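Architecture and fold: a report
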Amino acid sequence: MRNLSSLKQEFLRKWIKGLRKYNSQKKNMNLLERKKAIKLSADLAMASTRNKATLWRKALVAKTSIDESNKNDISTSSQPKKIRKKLTNSSPLCRKRRRIRTVYKAKERVEASFIAKKMVQKRTRKLKSLLPGGKSMDEACLVDETLDYIESLRAQVEVMRCLVTASELFINPSPPVDGGKWCFYTYMKTMYRGKHIYLSLSIYIYLHKMKTSTQNVAGLNNRKKIKSYMN
Amino acid sequence: MSSRRSRSRQTSSSSRNITDDQIHDLVSKLQQLLPEIRNRSSDKVSASRVLQETCNYIRSLHREVDDLSERLSELLATTDSAQAAIIRNLLMQ
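Residues numbered from 1 in each chain as written. Chains lettered and ligands numbered in written order. Predicted model: local features only at pLDDT ≥ 70, side-chain atom pairs only at ≥ 80, totals over all residues. Heavy atoms only, no water.

Per an unreviewed UniProt entry, chain B is named Transcription factor ILI6, and its organism is Cicer arietinum. Word for word, the UniProt comment on chain B under Subcellular location (unreviewed entry) is "Nucleus". (UniProt positions renumbered as here; feature names shortened; annotations may be inferred.)

The next thing to look at is the overall build of chain B. When helices and strands are counted, chain B shows 5 helices and 0 strands. Residue burial in chain B is summarised as follows: out of 93 residues, 38% are buried. Surface summary for chain B: the accessible area is close to 5500 Å², and the carbon and sulfur share equals 45%. (Helix = DSSP H or I, 4+ residues; strand = E, 2+ residues; numbered from the N terminus. Buried < 20%, exposed > 50% of the residue type's maximum accessible area, 1.4 Å probe, protein only. Areas by Shrake-Rupley, 256 points an atom, 1.4 Å probe, with all protein chains shown as cover.)

This paragraph deals with the overall build of chain A. Broken down by element type, chain A carries 11 helices and 0 strands. In sequence order, chain A lays out its α and β elements as α-α-α-α-α-α-α-α-α-α-α. A total of 231 residues make up chain A; the buried ones form 39% of that total.

Next up on the list: the confidence of the model for chain B. Atomic detail in the predicted coordinates should be set aside for any region of low pLDDT. Residue and element names in this part refer to chain B. Of all residues in chain B, 59% attain a pLDDT of 70 or more, and the chain-wide mean is 71. By mean pLDDT, helix H1 (residues 2-14) is the weakest element of chain B at 44, and helix H4 (residues 47-77) is the strongest at 88. Segment residues 2-15: pLDDT under 50, and 5 contacts once partners within four positions in sequence are set aside and those in other chains are kept. Overall fold confidence for the complex sits at a pTM of 0.68, while the interface term, ipTM, reaches 0.73. (pLDDT = per-residue confidence, 0-100. Contact = heavy atoms within 4.5 Å.)

All names here are of chain A. Under the definition given, this model contains 3 aromatic pairs over all chains. When the ring of phenylalanine 11 is compared with that of tryptophan 15, the centres are 5.7 Å apart and the planes differ by 20 degrees; the resulting orientation is stacked. One end of the pair is phenylalanine 11 and the other is tryptophan 15, both in helix H1 (residues 2-25) and 4 residues apart, which spans about a single turn. We note that phenylalanine 11, like tryptophan 15, is buried. (Phe/Tyr/Trp six-rings, centres within 6.5 Å; stacked < 30°, edge-to-face > 60°.)

Our focus in this paragraph is a positive patch on the surface. A grouping of Arg99, Arg101, Lys117, Lys118, Lys122, Arg125 and Lys126 of chain A together with Arg59 and Arg63 of chain B is seen on the molecular surface, where their side chains present a positively charged patch. For the positive patch, the secondary structure elements donating two or more residues are helix H7 (112-130) of chain A together with H4 of chain B. Residue contributions to the positive patch peak at 5 residues, all from H7 of chain A. Within the element layout of this structure, lysine 117 of chain A appears in helix H7. (Patch = residues over 30% accessible without salt bridge, like charges linked within 9 Å, V, L, I, M, F, W, Y side chains within 5 Å. Salt bridge = Lys/Arg side-chain N within 4 Å of Asp/Glu carboxyl O. Lys, Arg positive; Asp, Glu negative; His and termini not counted. Charge placed at Lys NZ, Arg CZ, Asp CG, Glu CD.)

The next point concerns the pattern of salt bridges. It is possible for side chains of opposite charge to pair when their charged atoms get near one another. The full count for this structure, using the stated rule, is 12 salt bridges over all chains. Note that glutamate 151 of chain A is salt-bridged to arginine 50 of chain A, the shortest N-O span being 3.6 Å. Of the two residues, glutamate 151 of chain A sits in helix H8 (residues 139-171) while arginine 50 of chain A sits in the loop between helix H2 (31-47) and helix H3 (55-73), which places them 101 residues apart along the sequence. Where salt bridges share partners, they join Lys35 and Lys39 of chain A together with Asp66 and Glu70 of chain B into one cluster.

So this is what it looks like as structure tokens:
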């Protein structure tokens, strides 16, 4: 549990840093561009957590750098796909890896074990297509990569969910919440069944203190103290 | 050149199927993560079912990331309230 929350904190810090960097590069983005920027910075932050040199991390970083350069150069969405396709086709691994098709007898094809084996193969291929960099993974490391990827992806989703929900509640407090800190706490408790409260609560408190400190100068020290949590 | 080709063919045929040990390993670790498999009995889970659940789970997580980033970008686009300005300050500085 301690491992997971430190992973989430690391992700949050890096994600916010990435978002700020994106905004400093390009001031006015439309909805689609901003969504892409949010996704890219989240993926990059996830790939840079824990310092492990897993295959999916490297592939994700490579993919985000391609997407980033496409985003900046070309405004239409049709062209980036062309560029990405060209890069994958030219890799030597793709040219060599031709699937070996064997012919099976009709009797063999109907056996249950054969069908089961084919199902496993088909679903392994599906899993490989879902994982970043999965196509060049062999089955030995696929399992470990999948588990690591799922853990990091889950942390990413939970942090994003907390941030977005807390921000939405902050901007548009619905009647049951009503802006009170304890109402928010109970709302979050029922939503997340006691888990991940501290993350959302700390985000909320930070936002709340920012709001009150904009009025008075003395609040500046508070703001700096809490900002250090985010940095 | 021919040695490289034969080596690649060899690895692809020998590692085409996931071994049973690896499936067992994956199942035991996924049981902690995936709620669906946790309810099932541990010794009767088939490999293809585990893989299918894993794929579905990863796909649903991807969809949720997409949805959340869309909501966040809409939030950051709102300019009418002071709270929105604070959020923007926090996330974009």
